Amino acid sequence: MAPGALTTALKEEYPEIIRTSKFNSWPEAFKKGDEVIDEILATVDKDFLEMFNIGFCSGAIENALNGPHDVVITEEMANKYFGVEMRLGKH
């Protein structure tokens, strides 16, 4: 573990470093109707998806995490909250 600013500083100081990633996770509760579901959420940056070769069942890595409000969720979590129907664009 290291401070988040360290990843940026290391990339600037050492050009041989191609990618770094910030990761933070915490428990969170969500409501689905009257049910409360506990989940583990994480914030990551775009490099995380490429460093760990994250596969997508919908959408594309090139379009992921480009904006400040973009999210990527697991297929399991998408099915839990939205069912097996198309999930893109759901709120």
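Residues numbered from 1 in each chain as written. Predicted model: local features only at pLDDT ≥ 70, side-chain atom pairs only at ≥ 80, totals over all residues. Heavy atoms only, no water.

**Points about the overall build of the protein chain**
Put simply, the rule reads: Counting from the N terminus, the helices are the DSSP runs of H or I reaching at least four residues and the strands are the DSSP runs of E reaching at least two. In this description the radius of gyration comes from C-alpha coordinates, and the expected globular size is given by 2.2 Å times residues to the power 0.38. Three exposure classes are used, based on accessible area relative to the maximum for each residue type with a 1.4 Å probe and protein chains only: buried under 20%, partly exposed in between, and exposed over 50%.
What the protein chain contains, in helices and strands, is 3 helices and 2 strands. Over its C-alpha trace the protein chain gives a radius of gyration of 16 Å, far above what one expects of a compact globule, namely 12 Å for 91 residues. The dimensions of the protein chain, computed from C-alpha atoms along their principal axes, are 50 × 25 × 20 Å. Considering the protein chain as a whole, with its 91 residues, one finds that 13% of them fall into the buried category.

**Thoughts on the side chain of Asp 47**
The line we're drawing: Pairs of N or O atoms are called polar contacts if they sit within 3.5 Å, as long as, within protein, a hydrogen donor faces a hydrogen acceptor (for residues adjacent in sequence, only side-chain-to-side-chain pairs).
Within the fold, Asp 47 resides in helix 2 (residues 46-51). What makes Asp 47 buried here is its relative accessible area of 18%. A distance of 3.1 Å separates a polar atom in the side chain of Asp 47 from a polar atom in the side chain of Lys 11.

**Description of unusual backbone geometry**
Its identity is not glycine, yet Asn 53 carries a phi of approximately 50°, on the positive side. For Asn 53, the location among the structural elements is in the loop between helix 2 and helix 3 (75-82). We classify Asn 53 as exposed; its relative accessible area is 68%. Of note in this structure, Leu 65 is not a glycine but carries a positive phi near 55°.

**Some thoughts on a nonpolar patch on the surface**
Put simply, the rule reads: Surface patches are drawn from residues lacking salt bridges whose relative accessible area is over 30%; two like charges belong together within 9 Å, two nonpolar side chains (Val, Leu, Ile, Met, Phe, Trp, Tyr) within 5 Å. Surface exposure here means Shrake-Rupley accessible area, sampled with a 1.4 Å probe, where a residue is shielded only by the protein chains that are shown. Think of a salt bridge as a Lys or Arg side-chain nitrogen and an Asp or Glu carboxyl oxygen that are within 4 Å of each other.
Taken together, the side chains of Leu 6, Leu 10 and Tyr 14 make up a nonpolar region of the molecular surface, amounting to roughly 240 Å² of accessible area. The topology assignment puts Tyr 14 in the loop between helix 1 (4-13) and strand 1 (23-32). Assessed through its relative accessible area of 39%, Tyr 14 is described here as partly exposed.

**A word on the environment of Asp 38**
Our working rule: By definition in these notes, contact holds between two residues if any of their heavy atoms fall within 4.5 Å.
With respect to the helices and strands, Asp 38 occurs in strand 2 (residues 35-44). Here Asp 38 falls in the exposed class, since its relative accessible area comes to 63%. Separated by 34 residues in sequence, Asp 38 and Gly 4 place their C-alpha atoms 26 Å apart. When neighbours within four sequence positions are excluded, Asp 38 is seen to be in contact with Glu 28 and Ala 29.

**Here we look at helix 3**
The condition is simple: The directions considered for the arc are those from the helix axis to the C-beta atoms.
Among the residues of helix 3, Met 77, Ala 78 and Tyr 81 are the ones counted as buried. End-on view of helix 3: buried residues confined to an arc of 100°, all on one side of the axis. Close packing links the buried residues of helix 3 with strand 1 and strand 2. Trailing helix 3 by a residue or two, Gly 83 shows a phi angle of about 80°, which is positive.

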